[in-house]
Amino acid sequence: MWLHLYDAHDPYDPPEPYKSKYAAAPYDGEIAYVDSAVGKFLSDLRTRGLYDGALIAVMADHGEALGDHGEDTHGFFLYDETIHVPLVIKLPGAPSAQTDSVGKKIENRVGLVDVLPTILRAAGIAVPQEVQGESLLDILLPKPAPAESAGTNAAPDASSDRPAYAETDYPQNTYGWSPLRALRTGKYLYIKAPRQELYDQTADPKAVHDLSAASAAVTSALAGQLDAFRQKTSSSREAPKSAVDPEAQAKLSALGYVATDSIASKAGQSSAKEQGADPKDKIQIGNLIHRTYLLIEDQRYQEAVPVLRQLIAKEPDTPLAYAQLGQCFVSLKDYPQAVPVLRKAVELRPDMTLPHFQFGVALLETKDIAGAVPELEMVVARVPRWEEAHLLLQMAYAQTDRMPEAIKECEKVLEFDPDHYGTNLLLGRVLELAGKPAAALPRLKKAAAVNPKAPEPHMFLAEAYVHLGRKTDAARERAAAKRLRARDEE
């Protein structure tokens, strides 16, 4: 079983009683709430008699910077405040399974990549060769007595100085800045960036004093180790394409989880300097965009607009700021202001799909139908199952007299939603105008059945019947349309 407890994530808003108890530190309140949820789960395992025999691993995917190194949340940097996370493991039947046991603390440096091989080995499942992590069982299990281990080939203890690698592509994928890579080995933390960094974590655990210039030889050696690791663990295989809804993708990107689309970095690229600005120089921009995203998520568009305008004035080449500002204007139905902003967004980052969709919407609303068509065509080509994009494109085709294309788009929408009223109505009308009144009838009848209070399907049915020479049917439909219109006027 995998449980993902997402609550300790910004915006920090724990439920009561934690909201009041931790009013001055809401992030701590979120953690306390999650802790209580884990406690209930473990208590239930004990009640069911499942706890003692269970293998349980508890960990975090990241921490929150909370202002350290200038970062508000996470995703940009690779310092300990976000990278050094807890890892708690309870083995089946081990002494630490007892409720009165305090367990033992292990100081060895390990990584989340080690969790998979540890679980597999504990469960008696072979660890695939491709797995890069190492099982931690040898440092978790009690050591056998010297007499018992004599003459055996017992596995050596996992080194307390195993190098640990970390990376973040979020600055590049979302903002076009440089990605960051880090290597922790011995007492050092080395960060590969346009301005590389080196810290002595023993003397400087908060990574305040950069030693890269003063310790050039150490810096160069660790840079070589990092590059060698990336070369060894890189793959030329193309990652599988994922069909993520663009709106969900944009939200996840703003929270630091996935790329907005795909400017993913390549393993083995020669220099981070070739990949954009150093995130250290842009962190306040990232913080500000994150805050405006939260305003937009709360539908506080009017508050977000002046902040985004100020941001664009300071950093005129920040595509996400234009995309967010355009989203605000579209949500406020201020389409004339949305058009130039979204045009700039798609010029700066043509790979982002959501701004193309919003740009298409703004162009439609400002009656630039011909301009909207290529934007919407691009969207449906990238996300074939985006129903709303197909809906808008079918209307755009119909309004520009591209009836064959409009028919195809209507048919695609009906594959997703056979009972869609507007598409059945439009397809019936388009078929009728294209000289196919017999083919129009079932679509118009469907529209009338889906929305029995609407007069339009009956009006179009009447016209289709006239073309087919069925005067009685046409009269009946005209009467139905007249009756429904009169009801609407009442």
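All chains use their own residue numbering, which begins from 1 and follows the written sequence. This being a predicted model, a pLDDT of at least 70 is required before a residue's local features are given, and a value of 80 or more before pairs of side-chain atoms are given or counted; all residues contribute to the totals for chains, interfaces and linings. Heavy atoms throughout the structure, all of them, feed into the side-chain values; hydrogens and water do not.

### Section: the packing of aromatic side chains
Now for step 1: Two rings from Phe, Tyr or Trp (for Trp, the six-membered ring) form a pair when their centres sit within 6.5 Å of each other. Planes less than 30 degrees apart are called stacked, planes more than 60 degrees apart edge-to-face, and all others tilted. On inspection of all chains with the given rule, the structure shows eleven aromatic pairs.
Now for step 2: For the ring pair Y79 and Y199, a centre distance of 6.1 Å and an interplane angle of 75° mean the geometry is edge-to-face. Separated by 120 residues along the polypeptide, Y79 in the loop between strand 1 (56-59) and helix 3 (80-83) and Y199 in strand 6 (residues 197-200) bring together distant segments of the chain.
Now for step 3: Seen from their ring centres, Y170 and Y175 are 5.9 Å apart, and the 85° between their planes marks the pair as edge-to-face.
Now for step 4: When a residue's accessible area, from a 1.4 Å probe over protein chains only, is under 20% of the maximum for its type it is buried; when over 50% it is exposed; and in between it is partly exposed. Owing to a relative accessible area of 8%, Y170 belongs among the buried residues under this scheme.
Now for step 5: According to the relative accessible area criterion, Y175 is buried, its value standing at 7%.
Now for step 6: An aromatic cluster of at least three residues, connected via ring pairs, comprises F76, Y170, Y175 and W177.
Now for step 7: A ring has a charge above it when a Lys NZ or an Arg CZ is no more than 6 Å from the ring centre and no more than 35 degrees off the ring normal. One residue, R46, lies across the ring of Y51, its end atom 4.1 Å from the ring centre.
Now for step 8: One cation-aromatic arrangement involves K90 over Y51; the distance from NZ or CZ to the ring centre is 5.0 Å. Per the convention used, a helix needs a DSSP run of H or I reaching at least four residues, while a strand needs a run of E reaching at least two, with both numbered from the N terminus.

### Examining the pairing of strand 4 (residues 180-185)
Now for step 1: Counted residue by residue, strand 4 has six buried out of six residues, so it is predominantly covered.
Now for step 2: DSSP calls a pair of strands paired once it identifies at least 2 bridges connecting them. Alignment of strand 4 against strand 5 (residues 188-192), held across five bridges, turns out to be antiparallel. When the bridges of strand 5 are listed, T185 appears paired with Y188.
Now for step 3: Hairpin connection between strand 4 and strand 5: a loop of two residues separates the two successive antiparallel strands, and G186 in this loop has a positive phi of roughly 60°.

### Concerning the packing of helix 17 (residues 403-416) against helix 18 (residues 421-433)
Now for step 1: Interaxial angles span 0 to 180 degrees and are taken between N-to-C directions of axes, which are lines fitted to C-alpha atoms, for helices over the stretch in contact. With their axes 10 Å apart at the nearest point, helix 17 and helix 18 run at an angle of 150° to one another. Considering their axes alone, helix 17 and helix 18 lie roughly antiparallel with respect to each other. In this structure, helix 17 meets helix 18 at a crossing whose hand is left-handed. Two secondary-structure elements touch here, helix 17 through M403, I407, C410, E411, V413 and L414 and helix 18 through T423, N424, L426, L427, V430 and L431.
Now for step 2: Under the scheme applied, nonpolar residues are Ala, Val, Leu, Ile, Met, Phe, Trp, Tyr, Cys and Pro; charged residues are Asp, Glu, Lys and Arg; polar residues are all the others, including Gly. Split into classes, the residues belonging to the contact of helix 17 with helix 18 amount to nine nonpolar, two polar and one charged. For classification purposes, an angle smaller than 35 degrees is called roughly parallel, one larger than 145 roughly antiparallel, one from 65 to 115 roughly perpendicular, and anything else oblique. The handedness criterion is simple: a crossing whose near helix is rotated anticlockwise from the far helix by less than a right angle is left-handed, and one whose near helix is rotated clockwise is right-handed. Contacts are assigned to residue pairs that have any heavy atoms within 4.5 Å of one another.

### Things to note about the side chain of D10
Now for step 1: Along the polypeptide, D10 turns up in the segment before helix 1 (18-21).
Now for step 2: Charge convention: Lys and Arg are scored as positive, Asp and Glu as negative, and His as well as the terminal groups of each chain are ignored. Here, a salt bridge means any Lys or Arg side-chain nitrogen found within 4 Å of an Asp or Glu carboxyl oxygen. There is no salt bridge for the buried D10, and the closest opposite charge comes from R291, which lies 8.6 Å off by N-O distance.
Now for step 3: Of note is the side chain of D10, whose polar atom sits 3.2 Å from the side chain of H9.
Now for step 4: A distance of 2.4 Å separates a polar atom in the side chain of D10 from a polar atom in the side chain of H290. We define a polar contact as two N or O atoms separated by no more than 3.5 Å, with the added condition that, inside protein, one atom must be a possible hydrogen donor and the other a possible acceptor, whereas residues neighbouring each other in sequence contribute only through side-chain atom pairs.

### Examining the pairing of strand 6
Now for step 1: Burial along strand 6 is two-sided: the face carrying E197 and Y199 and the face carrying L198 and D200 are both buried.
Now for step 2: The sheet contact formed by strand 5 and strand 6 spans four bridges and is antiparallel. For Y190, the partnering residue across the bridge sits in strand 6 and is L198.
Now for step 3: Hairpin geometry of strand 5 and strand 6 is characterised by an intervening segment of four residues between the two adjacent antiparallel strands.

### Brief notes about unusual backbone geometry
Now for step 1: Each neighbour pair has its own omega, and for D10 with P11 the value is 0°, a cis peptide bond.
Now for step 2: Along the chain, the position of P11 falls in the segment before helix 1.
Now for step 3: E16 connects to P17 through a cis peptide bond whose omega is 5°.
Now for step 4: Position of P17 among the secondary structure elements: in the segment before helix 1.
Now for step 5: Of note in the backbone geometry, L66 takes a positive phi value of approximately 55° without being a glycine.
Now for step 6: The backbone of H69 shows a phi angle near 55°, a positive value even though the residue is not glycine.
Now for step 7: Take H69: it is sitting in the loop between strand 1 and helix 3.
Now for step 8: When its relative accessible area of 28% is taken as the criterion, H69 is described as partly exposed.

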